[in-house]
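Structural overview for review
Below, each chain spelled out in residue letters.
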Amino acid sequence: MDPASSRPVDHLDDDDYPAYTMGRAADMLGITPAFLRALGEHRLITPLRSKGGHRRYSRYQLRIAARARELVDQGTPIEAACRIIILEDQLEEARRINARHRHHQQQDSSA
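Residues numbered from 1 in each chain as written. Predicted model: local features only at pLDDT ≥ 70, side-chain atom pairs only at ≥ 80, totals over all residues. Heavy atoms only, no water.

This part takes up the environment of Pro47. Looking at the secondary structure, you find Pro47 in the loop between helix H2 (33-41) and strand S2 (48-49). Sequence separation of Pro47 and Leu36 is 11 residues, and the distance between their C-alpha atoms is 9.2 Å. Non-local contacts of Pro47, meaning those with residues more than four positions away in its chain, are made with Arg55, Arg56, Tyr57 and Gln61. (Helix = DSSP H or I, 4+ residues; strand = E, 2+ residues; numbered from the N terminus. Contact = heavy atoms within 4.5 Å.)

Once that is clear, we can look at the packing of helix H3 (residues 59-73) against helix H4 (residues 78-110). It is at 9 Å that the axes of H3 and H4 come closest, and there the two elements cross at 130 degrees. When the axis of H3 is compared with that of H4, the two are oblique. Crossing handedness for the pair H3 and H4: right-handed. Every residue of H4 that contacts H3 at Tyr60, Ile64, Arg67, Ala68, Leu71 and Val72 is listed here: Ile78, Ala81, Ile84, Ile85, Glu88 and Asp89. Taken together, the residues of the contact of H3 with H4 break down into nine nonpolar, no polar and three charged. (Axes fitted to C-alpha atoms, helices over the stretch in contact; angles between N-to-C directions. Parallel < 35°, antiparallel > 145°, perpendicular 65-115°, else oblique. Left-handed = near helix turned anticlockwise from the far one by under 90°. Nonpolar A, V, L, I, M, F, W, Y, C, P; charged D, E, K, R; others polar.)

Below, the discussion takes up the pattern of salt bridges. Under the counting rule described, the total for this entry stands at seven salt bridges. Two residues, Arg67 and Glu88, come together in a salt bridge whose shortest N-O distance is 2.7 Å. One end of the pair, Arg67, is in helix H3; the other, Glu88, is in helix H4, with 21 residues separating them in the sequence. By relative accessible area, Glu88 is classed as partly exposed at 34%. Among the salt bridges present, the one from Arg96 reaches Glu93, with a minimum N-O distance of 2.5 Å. Placement of the pair is Arg96 and Glu93 together in helix H4, with a separation of three residues, close to one helical turn. (Salt bridge = Lys/Arg side-chain N within 4 Å of Asp/Glu carboxyl O. Buried < 20%, exposed > 50% of the residue type's maximum accessible area, 1.4 Å probe, protein only.)

So, in structure tokens, the structure goes:
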């Protein structure tokens, strides 16, 4: 293992690094820890666990939780909000795949 990869500063730009405790994440988003737990129960986000078993969240997960809060604040039931976000994510992935295929087709046709 590369000793440099274990330095804390290497995680500063890592959107997937589980840097935030449940309490800190809830404070940052203006939500309750129960709301974060509910997002986990609906399988929208799955926090990593510290060695002590505490939930830890990444910046990416916080953005997803913020989107869920936005939908719930607009009156969408949490179950529906979670499903909407999952579908939005799947649509974005499909768009990336399609763009990659179009790019490869353009390269093939110009060769």
